[in-house]
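# Structural description and commentary
What follows is the residue order along each chain.
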Amino acid sequence: MDNQIKDWRAELHNWLQNNPKTMPDNLRQLREEFVQRFPIERLADLTLEEYASGQRNSDSFCYWLEFKTHELGGIRAGTVSKFGVWWNKKEAKWAWNKALRSDSPEEAFQKLKDGLLKLIQAVEANQFDKLDKIGAQQGLGPRRNSLRAKPLYLYFPENFLPISNPTHLKNFLNYFYQQPQEGLHSPNRQLLKFLQSQPELEEFDTRQMMCFLYHLLPQGGERSLMTNSESTEELMEDIEVELEPSTVPQELKQLIKITERTRNIILYGPPGTGKTYWLRRFAEFFLSKQLQVPISPKQRRQEILQGLNWYEVIALTLYLHKQKKQFFRASELGDEPLINEYWKLTATKKLDNMIQAMLQSHTDPSVKTVLYANRRSPFLFEKNDQKQWWLTEAGQEYVEENLSEQLQEIHNPKQTAPDLSKYLEIVTFHQSFAYEEFIEGLKPITDEEGQVRYEVVDGVFKSICKQAELDPEHRYLLIIDEINRANIAKVIGELITLIEDDKRLGERNGLTLTLPYSGQKFGVPSNLYILGTMNTADRSIALLDIAIRRRFAFVELMPNPNLLNGKDIDGIQLDKLLAQLNHRIVALLSHDYQIGHSYFLDVNDIEDLHFTWYHRVIPLLQEYFYNDGQRLQALIGEDFLQPVEVDSATHKALKDLYDPELKYEIKQLAGEPFFNALRNLAE
């Protein structure tokens, strides 16, 4: 603990060189203006119109919380649904969270207001220990963290830190080796008391304490009450806005709840139990909030630059200056904003060296003022005797022909709506999947002249880690299908430690390692979630690398015959058929080899059932019971699997090669015999 204390104290000393111990006067005045606009004694009379957002009312209670007092704790993440009741502009009517169980917007608002008033009354009575119970039960509900916390900070800034994310509070407390209390307000008060007990923070106000905490231990997202890395409780609230709470699938609730404790999850179970389906559906819900927010011009500009390489960025810079300044020294290019912006997106250490190397290597070999021998196309630059560089006519043509779209968007980056693929990457492991595909590796690159050279190319994992690190305000997901089919130790290699929750970048024990091919420092950002699927029938869970098992939370998905309730195909009840099949499979093999419900979900008539049985179920069972016809017959019945009859002539012809052990073959049934055989199996 001593080393930890020394670390934060040294960091505090550095932080104080540029930051005050108390908030600026303009922010103090802003808080007072909020209290004057919405005095506590008037809150009981607050109307729905004065409270809610969505009607372009820049003087509403919610507008003040989210926008006007943003510097006192930002809660801009998500949508207006976080306030419980809001004006739906699209449908031109009031809307409210279904979790409030109200018949009208007025009733929903009254519940919210009553809950907020009870919280305020408890604080006034110094009943801090009752806040979490009140917040969870009285109107507001346990999931409306920002609405429960920010007003309390604004009205009582000496009693609360402007932090409402329970996960962040837990992380800060763990950093100082304090056992976090449960709830929202209790850990907030616990952290505040600890900070106030430190002599170094004696003259700090609570806002500046918050600012230092997020500087000391970045959590991803903006420094605020509520970041875009919202709590799982608030995510569940948003889901229940779209769906009736009772209809939110248990599988989805379970996954979302687990992400509160870990960023690494594996769904495992027999084939056909919906592992990939639930991960995809989870991704849609988990990322839904940020998909509603357009990509900002700054983000779009970064995306454009990420798709370029060094010589293209230098060429674009020179092209943009061609009307005003044609000639540049290499050292001058290092001061250009576009090049500096790109530099921050790369692992390049020495900018001047990189610029010089790119200029020389992409100069035509006929140019004598450049002595660099290893030149390669495209040839874009030239240098005179005064060591001034310019973009040649060929270079200008290259920019106009190959980079015109990027040039236009760099000039005028647009806000665009993101799709799921921006934040989600899906990869399927297989037996030959390697480290070079997942992390990084040397790959041959052929230039325009047919010359082959080798470059370090990022793999899928390193690529999404870089995206997530550059965009800490949003969540990123990596789904690894069939994670147990690859040699995990070879694919992930030495980076296995970096995926641990407390070893992520910005966490208390954050680590980085040097990659073998590129020599770059690499770490895994805290806003990247890794979710995998594992088919237990393909390989036993016991054989999965123990290093992986220790770093992932496991969620079992088993066959659910209840999903087939009501599916009756001419008297054959599919739920009973699946249940009987799996009872026998468990008895003959193990529960890892059961058949999932998804095999029968799309069966709607006899043709579907016949196709599914003979072309999906039977081949799977034959693989399970390979060369064991006797047990397969016990499973599916004598009607479907019959002994192969060998006549005496065949026996005589085969002589000693004949194996007297019984052989079995699948019987192709149709019509009434097929029905009867399945009915017998389902009984």
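Scope of this entry: the structure provided in the associated data block.

So, how was this worked out
Residues numbered from 1 in each chain as written. Predicted model: local features only at pLDDT ≥ 70, side-chain atom pairs only at ≥ 80, totals over all residues. Heavy atoms only, no water. Salt bridge = Lys/Arg side-chain N within 4 Å of Asp/Glu carboxyl O. Helix = DSSP H or I, 4+ residues; strand = E, 2+ residues; numbered from the N terminus. Buried < 20%, exposed > 50% of the residue type's maximum accessible area, 1.4 Å probe, protein only. Phe/Tyr/Trp six-rings, centres within 6.5 Å; stacked < 30°, edge-to-face > 60°. Lys NZ or Arg CZ within 6 Å of the ring centre and 35° of its normal. Patch = residues over 30% accessible without salt bridge, like charges linked within 9 Å, V, L, I, M, F, W, Y side chains within 5 Å. Areas by Shrake-Rupley, 256 points an atom, 1.4 Å probe, with all protein chains shown as cover. Lys, Arg positive; Asp, Glu negative; His and termini not counted. Charge placed at Lys NZ, Arg CZ, Asp CG, Glu CD. Polar contact = N/O pair within 3.5 Å; in protein donor to acceptor, adjacent residues only side chain to side chain. Contact = heavy atoms within 4.5 Å. Pairing = 2+ DSSP bridges. Axes fitted to C-alpha atoms, helices over the stretch in contact; angles between N-to-C directions. Arc of directions from axis to C-beta.

## Considering the pattern of salt bridges
Once their charged atoms are close, side chains differing in charge can pair, the charge on each being opposite to the other. Evaluated as defined, the whole model comprises 25 salt bridges. Between R9 and E200 there is a salt bridge whose closest N-O contact spans 2.9 Å. Here E200 lies in the loop between α9 (185-196) and α10 (206-216) and R9 lies in helix α1 (residues 2-15), a separation of 191 residues in the sequence. For K462, the salt bridge goes to D458, with nearest N and O atoms at 2.9 Å. You can call K462 buried: its relative accessible area is 2%. A residue is classified by how much of its surface remains accessible, and D458, at 26% relative accessible area, is partly exposed. One network of salt bridges, with partners in common, ties together E500, D502, K503, R550 and R551.

## Describing the packing of aromatic side chains
Evaluated as defined, the whole model comprises 38 aromatic pairs. A centroid spacing of 5.3 Å and a plane angle of 80 degrees characterise the contact between W87 and W94, whose relative ring orientation is edge-to-face. The ring of F128 is capped by R189, whose NZ or CZ atom sits 3.7 Å from the centre of that ring. Directly above the ring of F328 sits K325, whose terminal nitrogen or CZ lies 4.5 Å from the centroid.

## Some words on a negative patch on the surface
A cluster of acidic residues, D568, D570, D605 and E607, forms a negative patch on the protein surface. On the secondary structure map, D605 appears in the loop between α27 (598-601) and α28 (606-624).

## Concerning the side chain of T363
Counting through the fold element by element, T363 comes out in the loop between α19 (351-361) and β4 (381-383). Within the structure, T363 has its side chain in polar contact with the backbone oxygen of F381 (distance 3.5 Å). With sequence-adjacent residues up to four places away left out, T363 is seen in contact with V370, R375, F379, F381, E382 and W389.

## Some points on the environment of L48
With respect to the helices and strands, L48 occurs in helix α3 (residues 48-51). Separated by 38 residues in sequence, L48 and W86 have C-alpha atoms that sit 8.9 Å apart. Leaving out residues up to four positions away in the same chain, L48 has contacts with V85, W94, P105, E106 and F109.

## Remarks on the side chain of S102
If you trace the backbone, S102 turns up in the loop between β2 (93-96) and α5 (105-124). A distance of 3.5 Å separates a polar atom in the side chain of S102 from the backbone nitrogen of A108. Sequence-distant contacts of S102, that is, excluding residues within four places in its chain, are made with W96, E107, A108 and K111.

## Points about the sheet that holds strand β13 (residues 553-556)
An order of β6-β9-β12-β3-β13 is seen for the 5 strands of this open sheet, with the pairing classed as parallel. Either end of the sheet is taken by a strand with one partner, and the two such strands are β6 (424-428) and β13. Here the strands of the sheet are splayed against their neighbours by 20 degrees on average, with no regard to which way each runs. Where helix α13 (residues 275-286) meets the sheet, its contacts fall on β3 (264-269), β6, β9 (476-481) and β12 (528-535), and the angle it forms with β12 comes to roughly 165 degrees.

## A short note on the environment of E393
Here E393 lies in helix α20 (residues 393-402). A relative accessible area of 64% places E393 in the exposed class. Between the C-alpha atoms of E393 and F381, which are 12 residues apart in sequence, the distance is 9.0 Å.

## Let's talk about helix α18 (residues 337-344)
L338, I339 and Y342 are the residues of α18 that are buried. Along α18, the residues classed as buried sweep out an arc of 95 degrees about the axis, all on the same side. Pointing more than 90 degrees away from the buried face of α18 are the exposed residues P337 and K344. Structurally, α18 contributes buried residues whose contacts are with α15 (297-306), α16 (310-320), α17 (330-333), α19 and α21 (404-411).

## Looking at unusual backbone geometry
Between S377 and P378 the backbone carries a cis peptide bond, its omega angle lying at 0 degrees. Relative to the assigned elements, P378 resides in the loop between α19 and β4. Even without glycine at this site, N126 takes up a positive phi of about 60 degrees. Positionally, N126 belongs in the loop between α5 and α6 (131-137). One non-glycine residue with positive phi stands out, namely D570, at about 50 degrees. With respect to the helices and strands, D570 occurs in the loop between β14 (568-569) and β15 (572-573).

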